[in-house]
Structure formats: C-alpha cells, structure tokens
Amino acid sequence: LTCALAVAAIVYVAQTCLRERIVWPALLLVSGGLTALMEPLFDHLYGLWFREQGQWHLYTTFGSHQPIWVPAAYLAFYGGATVLIARALARRPQMRTVWTAYGAIAAMALIAEITYISVLHVYGYPGEQPFKVLGYPLFLGFTNAMCTVVVGIAAYRLVPLLRGRDQAYLVTLIPGVFAMGLFGSGIL
C-alpha cells in the first residue's frame, strides 16, 4: 500500500513536470524521500519501535531497524503531499486552501498511522505518550501534517523566486522543516 502511494506520487509528479516543463515538483519529491533518513532520530526521540520480525530492513541506527517501506512513505507523504499543497496554493492562494490542506493531510496521517499500528502491527509507540488512541499519540499526526503544509506554503512562495539551478535548494526544504518542526520547537 505504501509503495503504491509512492508510485502514484511519482507518476503525478512526473506527469506534472513533463506537461508543464518544470523541475521543482521532482526536487520536492526527492526532498521528501531524503527526509526518511531522519526517521531513526524521530524513532529514538518519540519512542517509535518498528517490529523486527516479518519485515525487511534497510539498516539499523539509534537502535531502530528501518523497514524497506519507510522511504516510500516519506516520498508519498512529505514529497507528494507538499507538491499537491504548493500547486493548490498556486491555484487558490487563500487561507481556506491552507486549512483545507491541513485538515486533509492531518486526517490522512491519523488514518495511516493508526492503520500501521493497530491493523498492520508494523510498529508501535510503547511506553507513556500523551493523547494515545489505538496505540498512536494523536498529536504527532497534527505535527507531521503541519510540516507538510508549511513546506507546501514555503515552496509556493519560493518557486517563483528561484530560477534555474537555484531551484536545487528546494531539496533541503522538507528535511529542514521536518527537523525544525518536530525536534527544534520544544514539542519534546
């Protein structure tokens, strides 16, 4: 399922880039995929534990075994959703667009995370966590969604200002906002 969502994001971005002769959506997709490298730190700080049995792992760091599907999830959620938000804002630059996107992304995050935890049993948050429902600390769905929306807004504003090779700077956008939002804001 996660890989299917990633493929859908790749197809959407590829079609958009080819049809409109632009590169920035592909750069944001790559940016979202690269953000998966920060997952072990997130796992360590928030107490997420991937089940080791029955999953293939790419690598282990900070004591966290990273399943092969994690980069696909980041590519779809952070990369693909960011492109959708930036493009939606280009069509309708209104606060209503921002709040609609935030609500949709938060709902998607909550449904996906609870499914991964309570239905598929591929990871969990053992120990004490605030606002835990069906094994998932609900506040994380809202903070994860905020990262995607903030990057979508930033991309919407930055893309017209960045020309040519300067658009490559967009690759740093999602990992930077992810780190600032989840680790640097005092949420812990």
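Because the structure is predicted, anything quoted here is derived from the model rather than measured. (Residues numbered from 1 in each chain as written. Predicted model: local features only at pLDDT ≥ 70, side-chain atom pairs only at ≥ 80, totals over all residues. Heavy atoms only, no water.)

Novice: How should I be thinking about helix α3 (residues 39-46) in this particular structure?
Specialist: An α-helical turn contains 3.6 residues, so any two residues separated by three or four positions project in the same direction. Those residues of α3 that sit buried are E39, P40, F42, D43 and Y46. Summarising the axial view, the buried residues of α3 lie within an arc of 160 degrees, below the 170-degree limit, and thus occupy one face. G47, located one to two residues past α3, shows a positive phi value of around 80 degrees. (Buried < 20%, exposed > 50% of the residue type's maximum accessible area, 1.4 Å probe, protein only. Helix = DSSP H or I, 4+ residues; strand = E, 2+ residues; numbered from the N terminus. Arc of directions from axis to C-beta.)

Novice: Got a minute to help me understand the pattern of salt bridges in this structure?
Specialist: Oppositely charged side chains are able to pair whenever their charged atoms sit close together. Enumeration over the complete set of coordinates arrives at one salt bridge. A salt bridge links E20 to R87; the shortest N-O distance between them is 2.8 Å. Taken as a pair, E20 in helix α1 (residues 2-20) and R87 in helix α4 (residues 70-91) lie far apart in primary sequence, 67 residues in all. (Salt bridge = Lys/Arg side-chain N within 4 Å of Asp/Glu carboxyl O.)

Novice: How should I be thinking about the nonpolar core in this particular structure?
Specialist: Considering soluble globular proteins, one finds that nonpolar side chains tend to be buried as a cluster. Counting residues in each nonpolar core, the largest one holds 54 residues, and the members touching the most others are L28, Y123, Y125 and L170. In terms of residues, this core owes the most to one element, α4, which gives eleven residues. Contact partners of L28, with chain neighbours within four places excluded, come to G79, T82, V83, A155, L170, L173 and I174. (Core = buried A, V, L, I, M, F, W, Y, C linked by side-chain atoms within 4.5 Å. Contact = heavy atoms within 4.5 Å.)

Novice: Explanation requested: unusual backbone geometry in the structure shown.
Specialist: When glycine is set aside, most residues are seen to have a negative phi, and most peptide bonds are trans. The backbone phi angle of F62 is positive, close to 55 degrees, even though this residue is not glycine. Inspection of the secondary structure puts F62 in the loop between β2 (57-61) and β3 (64-67). Backbone geometry at F131 places phi at a positive 55 degrees, although glycine is not the residue there. By the secondary structure assignment, F131 is in the loop between β4 (123-124) and β5 (132-133).

Novice: Would you explain the packing of aromatic side chains in this entry?
Specialist: Aromatic rings considered in pairs are described by the distance between their centres and by the relative angle of their planes. In total, this model carries 15 aromatic pairs according to the counting rule given. Aromatic side chains F50 and Y123 sit 5.4 Å apart centroid to centroid with 70 degrees between the ring planes, which places their arrangement in the edge-to-face category. Of the two residues, F50 is situated in strand β1 (residues 49-50) and Y123 in strand β4; the sequence distance between them amounts to 73 residues. With relative accessibility at 3%, the residue F50 sits in the buried group. (Phe/Tyr/Trp six-rings, centres within 6.5 Å; stacked < 30°, edge-to-face > 60°.)

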